[in-house]
Amino acid sequence: MLFFTLVLLAGNTLQVNAQEQETEETGDIILKPVPKNENALFKKTEEIVYRLQIQNNTNEYKEEKISYLLTTDEGKKIRLDSERVAIRGGATKEILVKLAPKPSGFYRINFMVNSPDYDDTVRKVFGVDPQEIRSPLHKPADFDAFWTQSKEQLEKVTPRYRVIERRDLSTDKKRVYAVEMHSYDNLVIRGWLVIPTDGKRFPVHYRVPGYVVTLNPNMDNDDFIAFDINVRGNGNSKDVINIGTDNYCLVNVEDRNKYIYRGVYMDCIRGLDFLYSHENLGIDTSKIFVEGGSQGGALALITAALDKRVKLLTMQVPLFADIHDDMSVSASYQKQVFPFKVFRKYNDMHPGFTWDKFFNTFDYYDPQNFAPMVKCPVLMGIGLLDQFCPPRCSMALFNHISSTSKEYVCVANSTHEVDLNYFMFQNLWLREKFRIP
């Protein structure tokens, strides 16, 4: 069953202004670049080839200048070339764009048609041996001690779990429970537990939320117990913290001890505490996998890093990964996007705030610094057109993961999302790892 597809796409994506998605289907001249390799990944020894389809959408004969611009993922120009193309009205023509092999990394390639009557650009990204991308860790000397102390402080908070059956939401095949618990700083968080009714012990799909996203009961898992946690400030855990998307990631950003994500990361650990405290509900604690997309992708990785009770990790487009390089890549965008759109605005409005101060806090929270602590099997999916989470940063994080069983999937034409094929693969991957027929 494809029980993750719609749920994750709807519930775990980033709820901020979406990236602009390039359209290729309207206009006088349509450009459709297709990489030789479907996933737009090449080897360092391999020629990069795009098949560029040019479609004349008018009834007139056209002679157009077709150009392409190749840059690094930080916008540094590598090559600009062009070709004159004559094409009849309603006709289609193809040309091959060939580039010499490139070093490992990600590259932007823009295909352009420029004329007095019409102007358009189609933006693509390709990767070269991304498994070789390396980025230094910016891990504070007391990083491990900081998170050990955080977990010790969480343990001192009595959970006071509440499990309330919601018969109005349940069905003949699924029982739905609203759950509640006290977490870090004694703040109450909530979530949803959905249990199949056939009486077996089930593995657990533990889902953590995207950025200020509301997670609701997940009714699509027939072979898993579904546990969805709304960390503080998300969904039905907004009692104390309810401040909207622009401000959420800025709460106490100048104080590493009080930064909002300290409590958020601990909320995810408290969710595992809940699962282990309720095995009587049919929970197979030997088979818990954690999943999330965007902020949820980061939270899933950090949960697996801090707590070995997680047996599998799946994540998509992990937010905040490799925050130092993310700052460098995002600086080259013509239009700023989340998250640095928010961080830069804060920096501009607070004269005493510096980027050194920002990193003095965020280096404790960068998912990349947690990656070497992940030992369980991992599957990651990313979109090559993602600007919120640049591919280079996601792959740098992935390459720091210590697990000896890890795989990644790159979706060539996706922005801040993956696609149906990814979720089909993830479903098979999970069933194989947990030996589910």
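Keep in mind that this is a model prediction, so the values were computed, not measured. (Residues numbered from 1 in each chain as written. Predicted model: local features only at pLDDT ≥ 70, side-chain atom pairs only at ≥ 80, totals over all residues. Heavy atoms only, no water.)

Asks: Hey, could you run me through the overall build of the protein chain in this one?
Replies: Within the protein chain, the regular secondary structure consists of 11 helices and 17 strands. Its C-alpha atoms put the protein chain at 75 × 55 × 40 Å along the principal axes. Put simply, of all contacts in the protein chain between residues at least 6 apart along the chain, 70% involve residues at least 24 apart. Accessible surface computed for the protein chain: about 18400 Å², of which carbon and sulfur atoms make up 47%. Taking the average place of the 54 positive charges on the side chains of the protein chain and the average place of its 57 negative ones, the gap between the two points comes to 3 Å. (Helix = DSSP H or I, 4+ residues; strand = E, 2+ residues; numbered from the N terminus. Contact = heavy atoms within 4.5 Å. Areas by Shrake-Rupley, 256 points an atom, 1.4 Å probe, with all protein chains shown as cover. Lys, Arg positive; Asp, Glu negative; His and termini not counted. Charge placed at Lys NZ, Arg CZ, Asp CG, Glu CD.)

Asks: So what exactly am I meant to see when it comes to the sheet that holds strand S1 (residues 29–35) here?
Replies: Hydrogen bonds between backbone atoms are what pair the strands of a sheet, whose relative direction is either parallel or antiparallel. Spatial strand order, S1-S3-S6: 3 strands in an open sheet with antiparallel pairing. This sheet does not close on itself; its edge strands, each paired only once, are S1 and strand S6 (92–99). Averaged over neighbouring strand pairs, the angle between their axes works out to 20° when direction is ignored. In this sheet, S6 lies alongside strand S3 (residues 48–56) in antiparallel orientation, the contact comprising 8 bridges. Within S6, the residue paired with Tyr50 across the bridge is Val97. (Pairing = 2+ DSSP bridges. Axes fitted to C-alpha atoms, helices over the stretch in contact; angles between N-to-C directions.)

Asks: Hey, could you run me through the pairing of strand S17 (residues 406–411) in this one?
Replies: Side-chain direction in a regular strand flips from residue to residue, so the side chains alternate between the two faces of the sheet. By the bridge criterion, 6 bridges tie strand S16 (residues 378–383) to S17 in an arrangement that is parallel. Paired with Val378 across the bridge in S17 is Lys406. Of the crossover connections in this fold, the one passing from S16 over helix H10 (residues 391–400) to the parallel S17 is right-handed. (Right-handed = clockwise from strand over helix to strand, strands pointing away.)

Asks: What's the story with the environment of Asp120 in this structure? I'm lost.
Replies: Position of Asp120 relative to the elements: it lies in strand S8 (residues 119–128). Once the C-alpha coordinates of Asp120 and Ile30 are considered, the two residues, 90 residues apart in sequence, prove to be 8.6 Å apart. Those residues in contact with Asp120 that sit more than four places away from it in its chain are Phe111, Met112 and Val113.

Asks: Where do I start with the pattern of salt bridges in this structure?
Replies: Once their charged atoms are close, side chains differing in charge can pair, the charge on each being opposite to the other. Taken as a whole, this structure holds 22 salt bridges when the rule is applied. Ionic pairing is found between Lys44 and Glu132, a salt bridge with its closest N-O pair at 2.9 Å. Linking Lys44 in the loop between strand S2 (41–42) and S3 with Glu132 in the loop between S8 and helix H2 (143–155), this pair joins segments that are 88 residues apart in sequence. A relative accessible area of 38% means that Lys44 is categorised as partly exposed. A salt bridge links Glu180 to Arg162; the nearest nitrogen and oxygen atoms lie 3.6 Å apart. With a gap of 18 residues between them, Glu180 in strand S10 (residues 174–182) and Arg162 in strand S9 (residues 162–165) connect regions that are remote in the sequence. The class for Glu180 is buried, based on a relative accessible area of 15%. Given a relative accessible area of 43%, Arg162 falls into the partly exposed group. Members of the salt-bridge network, linked through shared partners, are Asp73, Glu74, Asp325 and Arg392. (Salt bridge = Lys/Arg side-chain N within 4 Å of Asp/Glu carboxyl O. Buried < 20%, exposed > 50% of the residue type's maximum accessible area, 1.4 Å probe, protein only.)

Asks: For this particular structure, what's the right way to read the sheet that holds strand S14 (residues 283–293)?
Replies: Overall, mixed pairing links the 9 strands, which are arranged S9-S10-S11-S13-S12-S14-S15-S16-S17 in an open sheet. The sheet is open, and its two edges are formed by S9 and S17, each paired on a single side. Ignoring strand direction, the axes of neighbouring strands in this sheet form an average angle of 20°. For S9 and S10, the ladder comprises 4 bridges, and the chain directions are antiparallel. Across the sheet, Arg162 pairs through a bridge with Glu180, a residue of S10. Lying over the sheet, H10 contacts strand S15 (312–316), S16 and S17, oriented at roughly 170° with respect to S16. Packing of helix H11 (residues 420–433) onto the sheet brings it into contact with S14, S15, S16 and S17, and relative to S15 it is tilted by some 175°.

Asks: Sorry if this is basic, but what is going on with the nonpolar core here?
Replies: Grouped together as the largest cluster of nonpolar side chains are 119 residues, with contacts concentrated most on Phe126, Tyr206 and Tyr261. Here Tyr206 is in contact with Phe227, Ile229, Asp267, Cys268, Gly271, Leu272, Leu275, Ile288, Phe289, Val290, Glu291 and Thr303, once residues within four sequence places are set aside. In this structure, Phe289, Val418, Phe423 and Phe434 belong to the second largest nonpolar core, which totals 12 residues. (Core = buried A, V, L, I, M, F, W, Y, C linked by side-chain atoms within 4.5 Å.)

Asks: For this particular structure, what's the right way to read the environment of Val128?
Replies: With respect to the helices and strands, the residue Val128 is situated in strand S8. The spatial distance from the C-alpha of Val128 to the C-alpha of Tyr265 is 33 Å, given a sequence separation of 137 residues. The contact partners of Val128, leaving out residues within four places of it in the chain, are Phe42, Lys43, Lys44, Lys102, Pro103, Ser104, Gly105 and Tyr107.

Asks: Any chance you could explain unusual backbone geometry here in plain terms?
Replies: With the exception of glycine, the majority of residues adopt a negative phi angle, and the majority of peptide bonds are in the trans configuration. Cis rather than trans, the peptide bond between Phe338 and Pro339 has omega equal to 5°. Checked against the element boundaries, Pro339 lands in the loop between helix H6 (323–330) and helix H7 (340–349). Backbone geometry at Val212 places phi at a positive 50°, although glycine is not the residue there. Position of Val212 among the secondary structure elements: in the loop between strand S12 (202–207) and strand S13 (225–230). Positive phi, close to 55°, is recorded for Arg435, a residue that is not glycine.

Asks: Quick question: what am I supposed to make of H7 here?
Replies: Along an α-helix, residues three or four apart share an orientation, since each turn contains 3.6 residues. Those residues of H7 that fall on the buried side of the exposure criterion are Phe340, Val342, Phe343, Arg344, Tyr346 and Asn347. As for H7, its buried residues are in contact with helix H3 (245–248), H6 and helix H8 (355–362).

Asks: Hey, could you run me through the environment of Val188 in this one?
Replies: Take Val188: it is sitting in strand S11 (residues 188–196). Ignoring sequence-local partners within four residues, the contact set of Val188 consists of Glu180, Met181 and His182.

Asks: What is the right way to look at the packing of aromatic side chains in this model?
Replies: Aromatic rings in a pair are described by how distant their centres are and how their planes are angled relative to each other. Going through the model one piece at a time under the given rule, you end up with 40 aromatic pairs. With a centroid separation of 5.6 Å and 65° between ring planes, the pair formed by Tyr259 and Tyr261 is classed as edge-to-face. Note that Arg309 overlies the ring of Tyr276, its terminal NZ or CZ placed 5.0 Å from the centroid. Sitting over the face of the ring of Phe398, Lys406 holds its NZ or CZ atom 5.0 Å from the ring centroid. (Phe/Tyr/Trp six-rings, centres within 6.5 Å; stacked < 30°, edge-to-face > 60°. Lys NZ or Arg CZ within 6 Å of the ring centre and 35° of its normal.)

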